[in-house]
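# Understanding the architecture of this molecule
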Amino acid sequence: MRYVSTRGKAPVLGFDEVVLTGLAADGGLYVPEDWITLDDDDWRAMRGLPYAEVALRVMLPYVGAALTEEELADLLEGAYARFDHPAVAPLRQIGPHDWLMELFHGPTLAFKDHAMQVLGPLFDLLLTRSGRRLTIVGATSGDTGSAAIEACRDREAIDIFILHPKDRVSEVQRRQMTTVQSPNVHNIAVNGTFDDCQALLKSLFADTAFRDEVNLSAVNSINWARIVGQVVYYAWAGVALGAPDRSLGFSVPTGNFGNIFAGYVARQMGLPIDRLVVGSNRNDILTRFLETGTMSQESVVPTISPSMDIQVSSNFERLLFELYGRDADEVRAAMDSLRQNGAYSVPDDLHQELLGLFRGHRLTDAETSDAMRVILEDAGLLVDPHTAIGIVAGQIAGRRDEGGVTVSLATAHPAKFPDAVEKATGVRPPLPTRLADLLQRPERVVEAPNDTRAIQAIVREGLRR
Ligand SMILES: *Cc1c(COP(=O)(O)O)cnc(C)c1O
């Protein structure tokens, strides 16, 4: 399997290079040269298999010759063994034709573990095999940092440094990062905002001498391996609920468009998905785009669903590439327009075509709180703010064929956002037992000024080579 860039000017690469590279050299995102399709019998044959075996059947064609089937099977077996539910992504019925898929049973209680737990050992295997090492530096406003740390801890070929804005992540989120004692894990609390952390990260990557000196890499959500790791649960839910003989809609609380794009990939592979619903908070750039055909950036406002407080949905570029019939010139023009004018539009016929599959729905914080309360009253379920948005968006915009089903994705455990959940419902969600002592564990973190040289010094000092 070979991969091409959405901007058409970067080298065509194999799976291993795409995983280690992340972003394409032309600023674009890598996508498979051809879509892999499974036929109805392939899907039917997945029914009743353990999660790791479904994952193997979905992922193997994308991996190509980079790993043997046995290597991939071992890797997946180990990755999903770290989830605390035997089904890995259990499905819960919440209405006559409505289901909730719980994606928060991984080590850090958010869906990002699904892809990160695969990406960590994959990096390690590919690096060790080629005798290389990587220094991963990331900036986080919460969930990505802890998922990346859990995935990369104790790995021989990787040193990981995560920047977070000091005093601006929740206590649970901070402690999920700072209580990891592995020698290759480094937490840096920056005196600044999340935007400052991202700017620091950019300047580290822009310093080519430093980048080459430490072999810098990133684990952000544009990495193709993260998308593939997420296609698995769409297939899992689909076959469990009757696909390919029954049509499916999915409702997804959306920020960077990585999760829902994995649903689109599952559809390209032949799963009968006839509706994908984008759930938004007040930062509703995608919902506005679906309503108007124009993508236009506004400033970010903080909400009670902070993992969706985002104004640039990087992964949307992959969908745009498909929408334009894989014309990289059109993608480049749209991205230039976004950079220069903060906006781009798609022609009316393409906008209508998108609406055949995608819908958006936004909730204010007040509506999200109401939803958490009503879901607890009606279904006896305590859900986190992101999940509540997905459930309501699915109820409103998740039309389905006669006999079809709608699946909402529960992207985080309620205990990850205890204050918002308690305020809405009066119930404070407890942490799962394996994390019950999180608030007592010792923390390991260094403070740093908002200064590139200071961060570089910390990275150099922390490297184990
Ligand atoms: C990251 C995250 C999202 C957004 O996912 P995208 O793939 O960026 O669209 C939604 N909910 C939670 C809890 C998250 O951590």
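Residues numbered from 1 in each chain as written. Predicted model: local features only at pLDDT ≥ 70, side-chain atom pairs only at ≥ 80, totals over all residues. Heavy atoms only, no water.

For the protein chain, an unreviewed UniProt entry supplies the name Threonine synthase and the organism Rhodospira trueperi. Taken verbatim from the UniProt record of the protein chain, the Sequence similarities (unreviewed entry) comment is "Belongs to the threonine synthase family." Check the Cofactor (unreviewed entry) section of the UniProt entry for the protein chain; it says "pyridoxal 5'-phosphate". (UniProt positions renumbered as here; feature names shortened; annotations may be inferred.)

Moving on to the UniProt feature "domain: Tryptophan synthase beta chain-like PALP" (unreviewed entry) in the protein chain. Sites flagged by UniProt as "domain: Tryptophan synthase beta chain-like PALP" (unreviewed entry) map to residues 99-333. Along residues 99-333, the helical share is 46% and the strand share 18%, with 40 Å between the first and last C-alpha atoms. (Helix = DSSP H or I, 4+ residues; strand = E, 2+ residues; numbered from the N terminus.)

Turning next to the packing of helix H16 (residues 365-379) against helix H17 (residues 385-397). Helix packing geometry: the angle between the two helix axes and the distance between the axes. Between H16 and H17, the least distance of the axes is 9 Å, while the angle of their chain directions is 85 degrees. The angle between H16 and H17 falls in the class roughly perpendicular. On H17, the residues touching Thr368, Ala371, Met372 and Ile375 of H16 are Pro385, Ala388, Ile389, Ile391 and Val392. In the contact of H16 with H17, the residues fall into eight nonpolar, one polar and no charged. (Axes fitted to C-alpha atoms, helices over the stretch in contact; angles between N-to-C directions. Parallel < 35°, antiparallel > 145°, perpendicular 65-115°, else oblique. Contact = heavy atoms within 4.5 Å. Nonpolar A, V, L, I, M, F, W, Y, C, P; charged D, E, K, R; others polar.)

Residue Pro244 is reached from Ala243 by a cis peptide bond, and omega for that bond is 10 degrees. Tracing the sequence through the fold places Pro244 in the loop between helix H10 (224-240) and strand E10 (248-253). For Asp154, which is not a glycine, the phi torsion comes out positive at approximately 60 degrees. Its location among the elements puts Asp154 in the loop between helix H6 (143-152) and strand E7 (158-165).

Here we take up helix H15 (residues 348-355). All buried positions along H15 are accounted for by Leu350, His351, Leu354 and Leu355. Looking straight down H15, one finds that the buried residues subtend no more than 145 degrees of arc, so they occupy a single side. Every exposed residue of H15 that faces more than 90 degrees away from the buried side is listed here: Asp348, Asp349 and Glu353. For H15, the elements touching its buried residues are strand E11 (273-280), helix H12 (285-292), helix H13 (316-323) and strand E14 (358-362). (Buried < 20%, exposed > 50% of the residue type's maximum accessible area, 1.4 Å probe, protein only. Arc of directions from axis to C-beta.)

With that settled, consider the environment of Ser345. Relative to the elements of secondary structure, Ser345 occurs in strand E13 (residues 343-345). Contact partners of Ser345, with chain neighbours within four places excluded, come to Gly293, Thr294 and Tyr324. Side chain to side chain, Ser345 and Thr294 meet in a polar contact 2.8 Å long. (Polar contact = N/O pair within 3.5 Å; in protein donor to acceptor, adjacent residues only side chain to side chain.)

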